[in-house]
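In case you want the letters, here they are:
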Amino acid sequence: MAEAQARDTYHILQPRPSPASLSLVIPMYNEEAIVHFLRAEVEKFMREVPADMEVILVNDGSSDRTIDGIVAWAAEDRRIKIVHLSRNFGHQIALTAGLDYATGDAVAVIDADLQDPLPVIHQMIERYREGYDVVYGQRAARQGESVAFKVSAWVFYRVMRFLIYKRLPLDTGDFRLISRECLDGLKSMRETHRFLRGMVAWVGYPQVAVKYQRASRVAGETKYPLRKLLGLAWTAATSFSTVPLQISIVLGLITGLLGIEEGTRAILASLLGWYIVPGWTSLMVVTSIIGSALLISVGILGQYVGKIYEQSKDRPLYFVSRTFNVAGPPISAIMTRSDAMAEIHEQS
Ligand code: UDP
Ligand code: MG
């Protein structure tokens, strides 16, 4: 950790006032069991925090009655804004939609299931006042999670760090407070394959961790089974780094060496008159090693080509089917990469 920080850019921190307006972004997918717990916690938090509050609930195409619960809440409180996506787009895209709609000076991202305790945001605001642009929650301990989960999470963050960035903070989810400056940078990144934590690390600016105890889910069940977690890891690896492509080169080199060894042996054998007929085993071994190395390399290459293909379609990241308590859909909600580029050109 210490050496990772040493490599970071040195920033002069400029103290600033608390954010005058704060947005909470909460993605929700099949969280009907949670709405009333969430409401109680959020209302308590809104009474405590000295800022104009806005809560953006992104309903990520839930198939249960999540929307009914949150619409009832929004009807009573204008600060509760709902972005109802046209279908389930997944956690990372739902977060993106919420961030696009956020208008606050600072934005806090939390999970709907209250695993990220809202009071920690007060500590995040303290660090924001010191001048940090990103304050991320770092898990100090995990309650109610199996050993297998702990191990896979541990491996996940280490592998990600190796593949993506030395700077990717360890044991950190999407729970964080982001300043307006950093958010605007993040919003201009419209890539299809999104790993937001990595993208926030990539944007830079002064970043700091706040340690907290991660609670277990208040109700409902996780939407991140191992399969999805692995999917996220793969997206993270292949959308952030070309290390997997280099694996092909390494495989190629190894099989190349094997080939040279086998070739030399064959030549020597024929020159020196060694007994050569029973070469079948070694032939099979070499052929299959080369075959598998080729297939793996082509497969990895294919993953990248597929990603380029999907990105080149330049589709909007999501569609919003309805909003509640939102003045009008921002352009960024349907902004593609080329739209974003056009906007940047206009501004400059
Ligand atoms: N979520 C979402 N879309 C999805 C899956 C999850 O918006 O396709 C939301 C979910 O409602 C929750 C957050 O993302 O607010 C994190 O999901 P979960 O708590 O299931 O993940 P875990 O904490 O188990 O990693
Ligand atoms: Mg959770």
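What counts, and where the lines are drawn
- Residues numbered from 1 in each chain as written.
- Chains lettered and ligands numbered in written order.
- Predicted model: local features only at pLDDT ≥ 70, side-chain atom pairs only at ≥ 80, totals over all residues.
- Heavy atoms only, no water.
- Helix = DSSP H or I, 4+ residues; strand = E, 2+ residues; numbered from the N terminus.
- Buried < 20%, exposed > 50% of the residue type's maximum accessible area, 1.4 Å probe, protein only.
- Contact = heavy atoms within 4.5 Å.
- Phe/Tyr/Trp six-rings, centres within 6.5 Å; stacked < 30°, edge-to-face > 60°.
- Lys NZ or Arg CZ within 6 Å of the ring centre and 35° of its normal.
- Donors = N, O, S within 2.8 Å, 3.2 Å for Na, K, Ca; no water.
- Pairing = 2+ DSSP bridges.
- Patch = residues over 30% accessible without salt bridge, like charges linked within 9 Å, V, L, I, M, F, W, Y side chains within 5 Å.
- Areas by Shrake-Rupley, 256 points an atom, 1.4 Å probe, with all protein chains shown as cover.
- Salt bridge = Lys/Arg side-chain N within 4 Å of Asp/Glu carboxyl O.
- Near = heavy atom within 4 Å.
- Polar contact = N/O pair within 3.5 Å; in protein donor to acceptor, adjacent residues only side chain to side chain.
- Nonpolar A, V, L, I, M, F, W, Y, C, P; charged D, E, K, R; others polar.
- Core = buried A, V, L, I, M, F, W, Y, C linked by side-chain atoms within 4.5 Å.
- 1 Å grid on protein atoms, 1.4 Å probe; cavity = no way out; pocket = protein on both sides within 12 Å on 5 of 7 lines; lining within 4 Å.
- Points joined across faces, edges and corners; volume = space filled by probe spheres on them.

Student: Would you mind going over the overall build of the protein with me for this structure?
Tutor: The number of helices and strands found in the protein is 12 helices and eight strands. Classification of the 348 residues of the protein by burial places 45% in the buried group. Considering only contacts in the protein between residues 6 or more positions apart, those separated by 24 or more positions represent 83%.

Student: Just to check I follow, could you spell out the packing of aromatic side chains for this structure?
Tutor: The description of an aromatic ring pair uses the distance of the two centres, along with the angle that the planes make with each other. A complete count under the given rule lists one aromatic pair for this structure. For the pair Phe175 and Tyr212, a centre-to-centre distance of 5.1 Å together with 75° between the ring planes defines the contact as edge-to-face. Highlighted residues: Phe175 in strand E6 (residues 172-179) and Tyr212 in strand E7 (residues 207-214), separated in sequence by 37 residues. In this pair, the class of Phe175 matches that of Tyr212, namely buried. For Arg16, the ring lying beneath its charged end belongs to Tyr128, and the centroid distance is 4.0 Å. Over the aromatic face of Phe89 sits the side chain of Arg87, whose NZ or CZ is 4.0 Å from the ring centroid.

Student: Explain the coordination of the magnesium ion (ligand 2) to me, please; I cannot follow it from the model alone.
Tutor: Tetrahedral coordination by four donors sets the ideal angle at the metal to 109.5 degrees; octahedral coordination by six donors sets it to 90 or 180 degrees. Around the magnesium ion (ligand 2), the protein contributes the donor atoms Asp113 (OD) and Gln115 (OE1), at 1.8 to 1.9 Å from the metal centre. In this structure, Asp113 and Gln115 share a single accessibility class: buried.

Student: Looking at this model, I keep getting lost on the pairing of strand E4 (residues 106-109). Mind explaining?
Tutor: Side chains of E4 alternate between two faces, with Ala106 and Ala108 and Val107 and Val109 buried alike. With four bridges joining them, strand E1 (residues 21-28) and E4 adopt parallel strand pairing. For Leu24, the partnering residue across the bridge sits in E4 and is Ala108. Of the pairings in the sheet, the one linking E4 to E6 comprises four bridges and is antiparallel in character. Paired with Ala108 across the bridge in E6 is Leu177.

Student: Is there a simple way to explain a nonpolar patch on the surface in this structure?
Tutor: A surface patch of nonpolar side chains, amounting to about 460 Å² of accessible area, comprises Val147, Val151, Trp154, Val155 and Val159. Among the secondary structure elements, Val147 is positioned in helix H6 (residues 147-163). Using a relative accessible area of 62% as the deciding quantity, one classes Val147 as exposed.

Student: Can you walk me through the site of ligand 1 in this structure?
Tutor: As a structural note, the neighbourhood of ligand 1 is formed by 19 residues, with Glu31, Asp113, Gln115, Thr222 and Lys223 the closest of them. One nitrogen or oxygen atom from the side chain of Glu31 is found 2.5 Å from an oxygen atom belonging to ligand 1. Within the side chain of Gln115, a nitrogen or oxygen atom sits 2.6 Å from an oxygen atom of ligand 1. Broken down by secondary-structure element, the contributors of at least two residues to the shell around ligand 1 are E1 and helix H4 (91-101). Within the shell around ligand 1, the residues separate by chemical class into six nonpolar, five polar and eight charged.

Student: What is the right way to look at the nonpolar core in this model?
Tutor: In a soluble, globular protein the nonpolar side chains are often hidden away together inside. Formed by 42 residues in total, the largest nonpolar core has its most connected members in Val25, Leu85, Leu186 and Tyr318. The biggest single contributor to this core is H4, with six residues. Excluding its chain neighbours within four sequence positions, the residues that come into contact with Leu85 are Val58, Asn59, Asp60, Gly61, Ala94, Ala97, Tyr318, Phe319, Val320 and Ser321.

Student: Explain unusual backbone geometry to me, please; I cannot follow it from the model alone.
Tutor: Across residues other than glycine, the phi torsion is negative in most instances, and most of the peptide bonds are trans. Phi at Leu114 is positive, roughly 65°, even though this residue is not glycine. Take Leu114: it is sitting in the loop between E4 and helix H5 (120-130). A positive phi angle, close to 55°, is found at Asp314, a residue other than glycine. Among the secondary structure elements, Asp314 is positioned in the loop between helix H11 (280-312) and strand E8 (320-324). Residue Asp314 is classed as partly exposed on the basis of its relative accessible area of 22%.

Student: In this structure, what is going on with empty space enclosed by the protein? I would like to understand it.
Tutor: Using a probe with the size of a water molecule, rolled over the atoms, empty space left in the structure can be pinpointed. As enumerated under the stated definition, the model contains four cavities of 30 Å³ or more in all. Quantified by volume, the largest cavity comes out at close to 60 Å³. Residue lining of the largest cavity: Leu95, Leu99, Val109, Asp174, Arg176, Ile178, Leu186, Leu196, Arg197 and Val200, and that is the complete set. Secondary structure elements with two or more residues in the lining of the largest cavity: H4, E6 and helix H8 (196-203). Tallied by class, the residues present in the lining of the largest cavity amount to seven nonpolar, no polar and three charged.

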